[in-house]
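Chain and residue survey
The residues making up each chain are set out below.
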Amino acid sequence: MKTYDLRNAGEGCIDNPALALLDVFAKRDRELQVIVKAEDIPLEVLRDVARSCGYEVKSSREEDGLLVAVLVRS
Amino acid sequence: MRNVKDDFPILKNRDIVYLDNAATTQKPKSVIEAIKEFYEYHNANIHRGIYPLAREATEMYEGAHERVAKFIGGKMEETVFVRNASEGLNLAAWILKDRIGKGDKIITTMSEHHSNFLPWFKIARMRGARVDVIPTKEDGSIDEEKIIEAIDSRTKIVAVQHASNVTGYITDVKEIARAAHDNGAVIVVDGAQSVPHIPIDVKKLGIDALAFSAHKMLGPTGIGALWMKADLLEEGEPFLEGGDMIKEVHYNSELQVIYNDLPWKYEAGTPNIAGGVGFAAAVDYLERYGMENILPHEQKLAKRIMNGLEEMGVPFVGPRDIKRRGGVVAFSVPGKNPYTVALYLGTKNVCVRAGYHCAQPLHESLGIKGTVRASLYIYNDEEDVEKFLEALEGMP
Ligand SMILES: Cc1ncc(COP(=O)(O)O)c(C=O)c1O
(Lines give C-alpha, C1' and ligand atoms only; values in the text may rest on other atoms or scores of the structure.)
Protein backbone atom coordinates (compact mmCIF):
# COMPACT_ATOMS: atom_id res chain seq x y z
CA MET A 1 0.00 0.00 0.00
CA LYS A 2 1.34 3.40 -0.98
CA THR A 3 1.52 6.26 1.49
CA TYR A 4 1.00 9.82 0.28
CA ASP A 5 2.29 12.45 2.66
CA LEU A 6 0.52 15.71 1.85
CA ARG A 7 1.79 17.70 4.82
CA ASN A 8 4.15 19.69 2.68
CA ALA A 9 1.76 20.57 -0.10
CA GLY A 10 2.08 24.28 -0.87
CA GLU A 11 -0.31 27.11 -0.25
CA GLY A 12 -0.62 28.47 -3.75
CA CYS A 13 -3.36 28.27 -6.35
CA ILE A 14 -1.71 25.42 -8.23
CA ASP A 15 -0.13 23.62 -5.29
CA ASN A 16 -2.21 23.07 -2.17
CA PRO A 17 -3.46 20.18 0.00
CA ALA A 18 -6.87 20.01 -1.69
CA LEU A 19 -5.42 19.65 -5.19
CA ALA A 20 -2.79 17.24 -3.88
CA LEU A 21 -5.52 15.02 -2.41
CA LEU A 22 -7.50 15.04 -5.66
CA ASP A 23 -4.30 14.12 -7.53
CA VAL A 24 -3.85 11.15 -5.19
CA PHE A 25 -7.39 9.90 -5.88
CA ALA A 26 -6.82 10.35 -9.61
CA LYS A 27 -4.08 7.69 -9.45
CA ARG A 28 -6.83 5.12 -8.77
CA ASP A 29 -4.76 2.99 -6.34
CA ARG A 30 -6.86 0.16 -4.90
CA GLU A 31 -5.77 0.99 -1.37
CA LEU A 32 -3.73 3.90 -0.11
CA GLN A 33 -2.76 5.83 2.96
CA VAL A 34 -2.75 9.62 3.19
CA ILE A 35 -1.16 11.82 5.80
CA VAL A 36 -2.56 15.35 5.98
CA LYS A 37 -2.64 18.14 8.51
CA ALA A 38 -6.03 17.81 10.18
CA GLU A 39 -6.52 21.56 9.92
CA ASP A 40 -6.03 21.33 6.16
CA ILE A 41 -8.42 18.46 5.62
CA PRO A 42 -10.54 17.35 8.59
CA LEU A 43 -11.79 13.75 8.67
CA GLU A 44 -15.42 14.65 7.86
CA VAL A 45 -14.32 16.54 4.77
CA LEU A 46 -11.94 13.74 3.77
CA ARG A 47 -14.85 11.28 4.00
CA ASP A 48 -17.05 13.37 1.70
CA VAL A 49 -14.29 14.01 -0.78
CA ALA A 50 -13.27 10.36 -0.80
CA ARG A 51 -16.84 9.31 -1.46
CA SER A 52 -17.20 11.76 -4.34
CA CYS A 53 -13.98 10.33 -5.81
CA GLY A 54 -15.02 6.69 -5.41
CA TYR A 55 -13.16 5.88 -2.17
CA GLU A 56 -14.13 4.97 1.40
CA VAL A 57 -12.17 5.69 4.57
CA LYS A 58 -11.25 2.25 5.95
CA SER A 59 -9.50 3.47 9.06
CA SER A 60 -8.17 6.69 10.45
CA ARG A 61 -6.32 8.10 13.41
CA GLU A 62 -5.43 11.60 14.50
CA GLU A 63 -2.36 12.54 16.46
CA ASP A 64 -0.40 15.76 16.94
CA GLY A 65 -2.63 17.59 14.49
CA LEU A 66 -2.09 14.98 11.80
CA LEU A 67 -4.74 12.85 10.17
CA VAL A 68 -3.58 9.47 8.91
CA ALA A 69 -6.22 7.65 6.91
CA VAL A 70 -6.36 4.44 4.92
CA LEU A 71 -8.68 4.59 1.96
CA VAL A 72 -9.99 1.88 -0.32
CA ARG A 73 -11.61 2.14 -3.72
CA SER A 74 -15.35 1.55 -3.35
CA MET B 1 -40.46 33.61 -18.20
CA ARG B 2 -37.63 32.18 -20.30
CA ASN B 3 -35.01 30.36 -18.27
CA VAL B 4 -31.54 31.51 -19.30
CA LYS B 5 -30.11 28.19 -18.10
CA ASP B 6 -31.94 26.44 -20.95
CA ASP B 7 -29.51 28.06 -23.39
CA PHE B 8 -26.51 26.42 -21.69
CA PRO B 9 -26.21 22.69 -22.43
CA ILE B 10 -23.72 22.00 -19.64
CA LEU B 11 -26.13 23.38 -17.04
CA LYS B 12 -28.70 20.84 -18.19
CA ASN B 13 -26.24 17.98 -18.63
CA ARG B 14 -24.54 18.32 -15.24
CA ASP B 15 -26.08 18.71 -11.81
CA ILE B 16 -23.93 21.65 -10.73
CA VAL B 17 -24.19 25.03 -9.09
CA TYR B 18 -21.65 26.89 -11.16
CA LEU B 19 -20.21 29.85 -9.27
CA ASP B 20 -16.76 30.05 -10.83
CA ASN B 21 -17.61 32.56 -13.52
CA ALA B 22 -14.73 34.89 -12.77
CA ALA B 23 -12.46 32.01 -13.81
CA THR B 24 -14.43 31.12 -16.92
CA THR B 25 -18.05 31.13 -18.02
CA GLN B 26 -20.18 28.41 -19.57
CA LYS B 27 -21.07 28.56 -23.25
CA PRO B 28 -24.53 28.95 -24.74
CA LYS B 29 -25.69 26.68 -27.53
CA SER B 30 -25.44 29.55 -30.03
CA VAL B 31 -21.70 29.88 -29.40
CA ILE B 32 -21.10 26.14 -29.57
CA GLU B 33 -23.15 25.97 -32.80
CA ALA B 34 -21.31 28.92 -34.38
CA ILE B 35 -17.97 27.18 -33.88
CA LYS B 36 -19.32 23.85 -35.11
CA GLU B 37 -20.89 25.49 -38.15
CA PHE B 38 -17.66 27.27 -38.97
CA TYR B 39 -15.76 23.99 -39.10
CA GLU B 40 -18.56 22.17 -40.91
CA TYR B 41 -19.24 24.79 -43.58
CA HIS B 42 -16.70 27.61 -43.72
CA ASN B 43 -13.24 26.47 -42.62
CA ALA B 44 -10.24 27.73 -44.58
CA ASN B 45 -7.22 29.85 -43.76
CA ILE B 46 -7.84 33.57 -43.87
CA HIS B 47 -6.39 36.48 -45.85
CA ARG B 48 -4.42 34.34 -48.28
CA GLY B 49 -6.93 32.27 -50.19
CA ILE B 50 -8.34 33.33 -53.54
CA TYR B 51 -11.13 30.75 -53.67
CA PRO B 52 -14.63 31.52 -52.30
CA LEU B 53 -14.37 29.38 -49.17
CA ALA B 54 -11.26 31.27 -48.06
CA ARG B 55 -12.98 34.58 -48.74
CA GLU B 56 -15.88 33.42 -46.59
CA ALA B 57 -13.61 32.45 -43.68
CA THR B 58 -11.80 35.79 -44.01
CA GLU B 59 -15.05 37.72 -43.95
CA MET B 60 -16.22 35.83 -40.88
CA TYR B 61 -12.98 36.43 -38.99
CA GLU B 62 -12.83 40.11 -39.95
CA GLY B 63 -16.53 40.42 -39.17
CA ALA B 64 -15.81 39.06 -35.70
CA HIS B 65 -13.36 41.92 -35.17
CA GLU B 66 -16.07 44.37 -36.25
CA ARG B 67 -18.58 42.85 -33.82
CA VAL B 68 -16.21 42.79 -30.86
CA ALA B 69 -14.96 46.32 -31.58
CA LYS B 70 -18.52 47.67 -31.76
CA PHE B 71 -19.39 45.89 -28.52
CA ILE B 72 -16.91 48.10 -26.64
CA GLY B 73 -17.46 51.23 -28.72
CA GLY B 74 -14.16 50.86 -30.57
CA LYS B 75 -13.03 50.56 -34.17
CA MET B 76 -12.09 47.34 -35.91
CA GLU B 77 -8.56 48.51 -36.78
CA GLU B 78 -7.95 49.16 -33.09
CA THR B 79 -9.10 45.71 -32.00
CA VAL B 80 -6.37 43.07 -32.01
CA PHE B 81 -7.36 39.48 -31.33
CA VAL B 82 -5.05 37.79 -28.84
CA ARG B 83 -5.26 34.56 -26.84
CA ASN B 84 -6.67 36.11 -23.66
CA ALA B 85 -6.56 39.17 -21.42
CA SER B 86 -3.13 38.14 -20.13
CA GLU B 87 -1.69 38.20 -23.63
CA GLY B 88 -3.47 41.49 -24.31
CA LEU B 89 -1.91 43.13 -21.27
CA ASN B 90 1.54 41.76 -22.06
CA LEU B 91 1.18 43.01 -25.62
CA ALA B 92 0.06 46.43 -24.39
CA ALA B 93 3.17 46.65 -22.21
CA TRP B 94 5.37 45.62 -25.13
CA ILE B 95 3.81 48.15 -27.50
CA LEU B 96 4.18 50.99 -24.98
CA LYS B 97 7.67 50.16 -23.77
CA ASP B 98 9.45 52.71 -25.96
CA ARG B 99 7.48 55.52 -24.35
CA ILE B 100 9.25 54.81 -21.07
CA GLY B 101 12.68 56.21 -20.29
CA LYS B 102 15.13 55.87 -17.43
CA GLY B 103 13.65 57.15 -14.18
CA ASP B 104 10.10 57.25 -15.55
CA LYS B 105 7.19 55.84 -13.64
CA ILE B 106 4.51 53.26 -14.27
CA ILE B 107 1.58 53.26 -11.86
CA THR B 108 -0.43 50.19 -11.00
CA THR B 109 -2.32 48.98 -7.91
CA MET B 110 -2.07 46.32 -5.22
CA SER B 111 -5.39 44.89 -6.35
CA GLU B 112 -4.24 43.83 -9.81
CA HIS B 113 -4.39 40.34 -11.21
CA HIS B 114 -0.84 39.10 -11.84
CA SER B 115 -1.50 39.64 -15.56
CA ASN B 116 -1.74 43.38 -15.04
CA PHE B 117 1.11 43.48 -12.55
CA LEU B 118 4.04 41.43 -13.76
CA PRO B 119 4.24 42.78 -17.35
CA TRP B 120 4.76 46.32 -16.01
CA PHE B 121 7.62 45.25 -13.76
CA LYS B 122 9.20 43.49 -16.71
CA ILE B 123 8.95 46.56 -18.96
CA ALA B 124 10.16 48.83 -16.13
CA ARG B 125 13.20 46.59 -15.64
CA MET B 126 13.97 46.70 -19.36
CA ARG B 127 13.75 50.49 -19.47
CA GLY B 128 15.28 51.44 -16.12
CA ALA B 129 11.95 52.79 -14.93
CA ARG B 130 10.08 52.15 -11.69
CA VAL B 131 6.65 50.83 -10.82
CA ASP B 132 4.60 52.54 -8.13
CA VAL B 133 2.09 50.14 -6.62
CA ILE B 134 -0.78 52.07 -5.07
CA PRO B 135 -2.22 50.43 -1.95
CA THR B 136 -5.91 49.65 -1.76
CA LYS B 137 -8.37 50.85 0.85
CA GLU B 138 -8.77 48.69 3.93
CA ASP B 139 -11.49 46.54 2.35
CA GLY B 140 -9.35 45.91 -0.74
CA SER B 141 -11.12 48.46 -2.97
CA ILE B 142 -9.04 50.49 -5.39
CA ASP B 143 -8.26 53.95 -4.06
CA GLU B 144 -8.82 56.22 -7.05
CA GLU B 145 -7.80 59.34 -5.16
CA LYS B 146 -4.43 57.87 -4.22
CA ILE B 147 -3.82 56.82 -7.82
CA ILE B 148 -4.65 60.29 -9.09
CA GLU B 149 -2.40 61.87 -6.46
CA ALA B 150 0.49 59.63 -7.55
CA ILE B 151 0.27 60.58 -11.24
CA ASP B 152 2.88 63.19 -12.18
CA SER B 153 4.91 64.32 -15.18
CA ARG B 154 7.27 61.29 -14.86
CA THR B 155 4.31 58.93 -15.12
CA LYS B 156 4.13 57.37 -18.56
CA ILE B 157 1.64 54.56 -18.00
CA VAL B 158 -1.20 53.93 -15.57
CA ALA B 159 -2.29 50.29 -15.56
CA VAL B 160 -5.45 49.60 -13.62
CA GLN B 161 -8.23 47.04 -13.42
CA HIS B 162 -11.78 48.01 -14.23
CA ALA B 163 -13.29 45.36 -11.97
CA SER B 164 -11.58 43.16 -9.42
CA ASN B 165 -11.73 39.38 -9.57
CA VAL B 166 -11.40 39.30 -5.77
CA THR B 167 -13.21 42.25 -4.21
CA GLY B 168 -15.67 42.77 -7.04
CA TYR B 169 -14.90 46.49 -6.80
CA ILE B 170 -15.66 48.52 -9.91
CA THR B 171 -13.03 51.18 -10.49
CA ASP B 172 -13.90 54.70 -11.58
CA VAL B 173 -11.47 54.59 -14.51
CA LYS B 174 -12.84 57.75 -16.11
CA GLU B 175 -11.40 59.99 -13.43
CA ILE B 176 -8.07 58.17 -13.50
CA ALA B 177 -7.95 58.44 -17.30
CA ARG B 178 -8.46 62.19 -17.09
CA ALA B 179 -5.63 62.58 -14.58
CA ALA B 180 -3.32 60.36 -16.67
CA HIS B 181 -3.96 62.40 -19.82
CA ASP B 182 -3.51 65.70 -17.99
CA ASN B 183 0.02 64.49 -17.21
CA GLY B 184 0.77 63.07 -20.66
CA ALA B 185 0.46 59.44 -19.54
CA VAL B 186 -1.55 56.67 -21.17
CA ILE B 187 -3.99 54.47 -19.32
CA VAL B 188 -4.24 50.72 -19.89
CA VAL B 189 -7.31 49.04 -18.43
CA ASP B 190 -7.69 45.39 -17.51
CA GLY B 191 -11.25 44.71 -18.61
CA ALA B 192 -11.22 40.96 -17.96
CA GLN B 193 -13.86 41.29 -15.24
CA SER B 194 -15.74 44.32 -16.54
CA VAL B 195 -16.33 43.78 -20.26
CA PRO B 196 -18.39 40.62 -19.57
CA HIS B 197 -20.61 42.36 -17.01
CA ILE B 198 -20.92 46.09 -17.72
CA PRO B 199 -21.80 48.00 -20.89
CA ILE B 200 -18.49 49.48 -22.06
CA ASP B 201 -17.74 52.40 -24.32
CA VAL B 202 -14.01 52.99 -24.54
CA LYS B 203 -14.56 56.51 -25.85
CA LYS B 204 -16.80 57.48 -22.94
CA LEU B 205 -14.31 55.98 -20.49
CA GLY B 206 -11.58 58.01 -22.16
CA ILE B 207 -9.04 55.20 -21.91
CA ASP B 208 -6.18 54.24 -24.24
CA ALA B 209 -6.21 50.45 -24.07
CA LEU B 210 -8.49 47.67 -22.84
CA ALA B 211 -7.77 43.95 -22.62
CA PHE B 212 -10.34 41.19 -22.15
CA SER B 213 -10.94 37.46 -22.68
CA ALA B 214 -13.76 35.83 -24.65
CA HIS B 215 -13.99 32.86 -22.29
CA LYS B 216 -15.13 35.05 -19.40
CA MET B 217 -18.04 36.35 -21.50
CA LEU B 218 -19.60 33.13 -22.87
CA GLY B 219 -17.06 32.77 -25.68
CA PRO B 220 -14.48 30.07 -26.30
CA THR B 221 -11.09 29.81 -24.65
CA GLY B 222 -7.96 30.80 -26.56
CA ILE B 223 -9.30 34.11 -27.87
CA GLY B 224 -9.51 37.61 -26.45
CA ALA B 225 -8.87 41.16 -27.50
CA LEU B 226 -6.61 44.09 -26.94
CA TRP B 227 -8.30 47.30 -27.95
CA MET B 228 -5.80 50.14 -28.22
CA LYS B 229 -5.90 53.60 -29.79
CA ALA B 230 -4.69 53.51 -33.38
CA ASP B 231 -1.85 56.02 -32.91
CA LEU B 232 -0.35 53.84 -30.16
CA LEU B 233 -0.73 50.70 -32.27
CA GLU B 234 0.89 52.52 -35.18
CA GLU B 235 3.89 53.71 -33.19
CA GLY B 236 4.44 50.37 -31.43
CA GLU B 237 6.31 47.33 -32.57
CA PRO B 238 4.76 43.87 -32.91
CA PHE B 239 5.77 41.27 -30.36
CA LEU B 240 5.43 38.38 -32.79
CA GLU B 241 6.78 38.47 -36.32
CA GLY B 242 5.64 36.11 -39.02
CA GLY B 243 3.03 35.52 -41.68
CA ASP B 244 -0.04 37.65 -42.21
CA MET B 245 1.32 40.64 -40.33
CA ILE B 246 3.54 41.99 -43.09
CA LYS B 247 2.72 43.44 -46.49
CA GLU B 248 6.22 43.14 -47.91
CA VAL B 249 9.58 41.75 -46.85
CA HIS B 250 12.68 42.52 -48.93
CA TYR B 251 16.15 41.32 -48.33
CA ASN B 252 19.00 42.74 -50.28
CA SER B 253 21.86 42.69 -47.74
CA GLU B 254 19.46 44.68 -45.64
CA LEU B 255 16.03 43.82 -44.35
CA GLN B 256 13.11 45.95 -45.31
CA VAL B 257 9.70 45.21 -43.84
CA ILE B 258 6.37 46.88 -44.48
CA TYR B 259 3.90 45.87 -41.84
CA ASN B 260 0.30 45.03 -42.60
CA ASP B 261 -2.52 47.44 -41.78
CA LEU B 262 -4.03 47.52 -38.31
CA PRO B 263 -5.04 45.35 -36.57
CA TRP B 264 -3.34 42.58 -38.59
CA LYS B 265 0.11 44.01 -37.85
CA TYR B 266 -0.27 42.47 -34.39
CA GLU B 267 -1.74 39.12 -35.44
CA ALA B 268 1.21 37.08 -36.71
CA GLY B 269 0.58 33.60 -38.06
CA THR B 270 -2.66 31.73 -38.52
CA PRO B 271 -4.97 32.97 -35.79
CA ASN B 272 -7.72 31.22 -33.84
CA ILE B 273 -10.27 31.73 -36.61
CA ALA B 274 -13.04 29.56 -35.20
CA GLY B 275 -12.41 31.12 -31.79
CA GLY B 276 -12.95 34.55 -33.31
CA VAL B 277 -16.24 33.40 -34.82
CA GLY B 278 -17.28 32.01 -31.42
CA PHE B 279 -16.26 35.29 -29.76
CA ALA B 280 -18.60 37.20 -32.09
CA ALA B 281 -21.42 34.75 -31.34
CA ALA B 282 -20.88 35.35 -27.60
CA VAL B 283 -21.10 39.10 -28.14
CA ASP B 284 -24.33 38.60 -30.11
CA TYR B 285 -25.79 36.54 -27.26
CA LEU B 286 -24.86 39.15 -24.66
CA GLU B 287 -26.38 41.93 -26.74
CA ARG B 288 -29.60 39.98 -27.12
CA TYR B 289 -29.63 39.45 -23.34
CA GLY B 290 -28.97 43.17 -22.84
CA MET B 291 -25.70 44.28 -21.29
CA GLU B 292 -27.54 46.75 -19.07
CA ASN B 293 -29.34 43.83 -17.38
CA ILE B 294 -26.28 41.90 -16.25
CA LEU B 295 -24.86 43.92 -13.37
CA PRO B 296 -28.24 44.53 -11.62
CA HIS B 297 -28.97 40.78 -11.79
CA GLU B 298 -25.56 39.92 -10.35
CA GLN B 299 -25.75 42.60 -7.68
CA LYS B 300 -29.10 41.25 -6.48
CA LEU B 301 -27.65 37.75 -6.09
CA ALA B 302 -24.35 39.02 -4.64
CA LYS B 303 -26.28 40.96 -2.02
CA ARG B 304 -28.04 37.76 -0.96
CA ILE B 305 -24.68 35.98 -0.73
CA MET B 306 -23.20 38.80 1.34
CA ASN B 307 -26.19 38.74 3.70
CA GLY B 308 -26.01 34.95 3.99
CA LEU B 309 -22.30 35.09 4.78
CA GLU B 310 -22.90 37.77 7.37
CA GLU B 311 -25.57 35.63 9.04
CA MET B 312 -23.00 32.81 9.27
CA GLY B 313 -20.32 35.13 10.64
CA VAL B 314 -18.18 34.70 7.53
CA PRO B 315 -16.27 37.86 6.53
CA PHE B 316 -15.85 38.83 2.89
CA VAL B 317 -13.52 41.28 1.19
CA GLY B 318 -14.48 44.32 -0.84
CA PRO B 319 -16.97 47.10 -0.30
CA ARG B 320 -20.21 46.53 1.57
CA ASP B 321 -21.98 48.96 -0.73
CA ILE B 322 -23.41 46.73 -3.43
CA LYS B 323 -23.51 49.64 -5.90
CA ARG B 324 -19.71 49.72 -5.94
CA ARG B 325 -19.24 46.06 -6.78
CA GLY B 326 -20.11 43.33 -9.24
CA GLY B 327 -21.01 39.69 -8.78
CA VAL B 328 -17.78 38.47 -7.18
CA VAL B 329 -17.78 37.63 -3.47
CA ALA B 330 -14.55 36.35 -1.90
CA PHE B 331 -14.64 35.27 1.71
CA SER B 332 -12.67 33.50 4.45
CA VAL B 333 -14.39 30.99 6.71
CA PRO B 334 -12.88 31.49 10.17
CA GLY B 335 -10.66 28.58 11.18
CA LYS B 336 -10.95 26.90 7.79
CA ASN B 337 -8.45 26.69 5.00
CA PRO B 338 -10.04 28.12 1.79
CA TYR B 339 -8.94 25.09 -0.21
CA THR B 340 -10.73 22.78 2.19
CA VAL B 341 -13.91 24.83 1.87
CA ALA B 342 -13.80 24.65 -1.93
CA LEU B 343 -12.95 20.95 -1.78
CA TYR B 344 -15.94 20.31 0.46
CA LEU B 345 -18.31 22.44 -1.64
CA GLY B 346 -17.11 20.49 -4.66
CA THR B 347 -18.47 17.31 -3.11
CA LYS B 348 -21.87 19.06 -3.01
CA ASN B 349 -21.55 19.97 -6.70
CA VAL B 350 -20.98 23.62 -5.89
CA CYS B 351 -18.20 24.98 -8.08
CA VAL B 352 -16.23 27.78 -6.42
CA ARG B 353 -12.56 28.71 -6.44
CA ALA B 354 -10.10 28.97 -3.58
CA GLY B 355 -6.73 30.59 -3.24
CA TYR B 356 -5.23 33.91 -4.22
CA HIS B 357 -7.06 34.12 -7.55
CA CYS B 358 -3.83 35.31 -9.18
CA ALA B 359 -3.89 38.37 -6.93
CA GLN B 360 -1.45 37.30 -4.24
CA PRO B 361 -0.08 40.79 -3.44
CA LEU B 362 -3.65 41.92 -2.69
CA HIS B 363 -4.29 39.02 -0.32
CA GLU B 364 -0.95 39.53 1.39
CA SER B 365 -1.59 43.24 1.81
CA LEU B 366 -4.95 42.43 3.41
CA GLY B 367 -3.25 39.88 5.65
CA ILE B 368 -5.30 36.92 4.42
CA LYS B 369 -4.06 33.54 3.31
CA GLY B 370 -6.35 33.13 0.35
CA THR B 371 -10.11 33.32 0.01
CA VAL B 372 -12.97 31.25 -1.33
CA ARG B 373 -14.64 32.99 -4.24
CA ALA B 374 -18.19 32.72 -5.52
CA SER B 375 -18.66 34.57 -8.79
CA LEU B 376 -21.91 35.05 -10.67
CA TYR B 377 -23.14 35.42 -14.21
CA ILE B 378 -26.33 35.75 -16.19
CA TYR B 379 -27.51 32.13 -15.76
CA ASN B 380 -27.16 32.03 -11.98
CA ASP B 381 -30.37 32.36 -10.02
CA GLU B 382 -31.66 32.49 -6.46
CA GLU B 383 -31.78 28.71 -6.28
CA ASP B 384 -28.03 28.54 -7.01
CA VAL B 385 -27.35 31.04 -4.27
CA GLU B 386 -29.49 29.20 -1.72
CA LYS B 387 -27.87 25.85 -2.59
CA PHE B 388 -24.44 27.40 -2.18
CA LEU B 389 -25.27 29.00 1.19
CA GLU B 390 -26.90 25.80 2.40
CA ALA B 391 -23.86 23.71 1.43
CA LEU B 392 -21.54 26.18 3.13
CA GLU B 393 -23.61 26.20 6.28
CA GLY B 394 -23.61 22.40 6.35
CA MET B 395 -19.84 22.15 6.22
CA PRO B 396 -18.53 20.15 9.18
C1 LIG C 1 -8.97 40.86 -13.34
C2 LIG C 1 -8.37 39.84 -14.27
N3 LIG C 1 -7.42 40.21 -15.12
C4 LIG C 1 -6.85 39.36 -15.98
C5 LIG C 1 -7.21 38.04 -15.99
C6 LIG C 1 -6.53 37.13 -16.94
O7 LIG C 1 -7.46 36.53 -17.81
P8 LIG C 1 -6.98 35.32 -18.71
O9 LIG C 1 -6.63 34.21 -17.79
O10 LIG C 1 -8.19 35.00 -19.54
O11 LIG C 1 -5.83 35.79 -19.49
C12 LIG C 1 -8.18 37.59 -15.10
C13 LIG C 1 -8.53 36.16 -15.04
O14 LIG C 1 -9.00 35.65 -14.06
C15 LIG C 1 -8.78 38.51 -14.22
O16 LIG C 1 -9.72 38.13 -13.37
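The structure under discussion appears in the preceding block.
Residues numbered from 1 in each chain as written. Chains lettered and ligands numbered in written order. Predicted model: local features only at pLDDT ≥ 70, side-chain atom pairs only at ≥ 80, totals over all residues. Heavy atoms only, no water.

**A look at the overall build of chain A**
Selection rule: In DSSP terms, a helix is any run of H or I states spanning at least four residues, a strand is any run of E spanning at least two, and both are numbered starting from the N terminus. Our radius of gyration is a C-alpha quantity, and the globule rule it is checked against amounts to 2.2 Å times the number of residues to the power 0.38. For each residue, the accessible area found with a 1.4 Å probe, counting protein chains only, is set against the maximum for its type, and the residue is called buried under 20%, exposed over 50%, and partly exposed in between. Working rule for contacts: check all heavy atoms of both residues, and any pair within 4.5 Å makes them a contact. Using a 1.4 Å probe, the Shrake-Rupley method yields the accessible areas, and only the shown protein chains count as cover for residues.
Counting secondary structure elements, chain A contains two helices and four strands. The linear arrangement of helices and strands in chain A, starting from the amino end, is β-α-β-α-β-β. The C-alpha atoms of chain A give 11 Å as radius of gyration, which agrees with the globular expectation for 74 residues (11 Å, within 12%). When each of the 74 residues of chain A is scored for burial, the buried share is 43%. For chain A, contacts bridging at least 24 residues in sequence account for 56% of all contacts bridging at least 6. As presented, chain A carries roughly 4000 Å² of accessible surface, and 45% of it is formed by carbon and sulfur atoms.

**A word on the overall build of chain B**
The condition that has to hold: Here the positive residues are Lys and Arg and the negative ones are Asp and Glu; neither His nor the chain ends is included. Charged side chains are reduced to one point each, which is NZ for Lys, CZ for Arg, CG for Asp and CD for Glu.
Per the secondary structure count, chain B includes 14 helices and 14 strands. What you see for chain B is a C-alpha radius of gyration of 22 Å, in line with the 21 Å of a compact globule of 396 residues. By its C-alpha atoms, chain B is 75 × 55 × 35 Å across when sized along the principal axes. By residue count, 58% of the 396 residues in chain B fall in the buried class. By sequence separation, contacts in chain B at least 24 residues apart represent 70% of the contacts at least 6 residues apart. For chain B, the computed accessible surface area is about 16500 Å², with 50% contributed by carbon and sulfur atoms. Across chain B, 47 positive and 56 negative side-chain charges occur, with their mean positions spaced 3 Å apart.

**Observations concerning the site of the ligand**
Residue and element names in this part refer to chain B. The condition that has to hold: Here, proximity means that at least one heavy atom of the residue falls within 4 Å of the molecule or strand. Nitrogen and oxygen atoms within 3.5 Å of one another constitute a polar contact, given that in protein one can donate a hydrogen and the other can accept it, and given that sequence-neighbouring residues count only through two side-chain atoms. All amino acids are sorted into three groups, where Ala, Val, Leu, Ile, Met, Phe, Trp, Tyr, Cys and Pro are nonpolar, Asp, Glu, Lys and Arg are charged, and the leftover types, Gly among them, are polar.
Among the 13 residues in the neighbourhood of the ligand, the closest are listed as Ser-86, Asp-190, Gln-193, Ser-213 and His-215. Taking Lys-216, its side chain carries an N or O atom lying 2.7 Å from an oxygen atom of the ligand. Taking 390 Å² as the accessible area of the ligand by itself, protein coverage stands at 89%. Within the shell around the ligand, the residues separate by chemical class into three nonpolar, eight polar and two charged.

**Quick notes on the side chain of Thr-58 of chain B**
Position of Thr-58 of chain B among the secondary structure elements: in helix α3 (residues 52–71). Among residues more than four places away in sequence, those in contact with Thr-58 of chain B are Asn-45, Ile-46 and His-47 of chain B.

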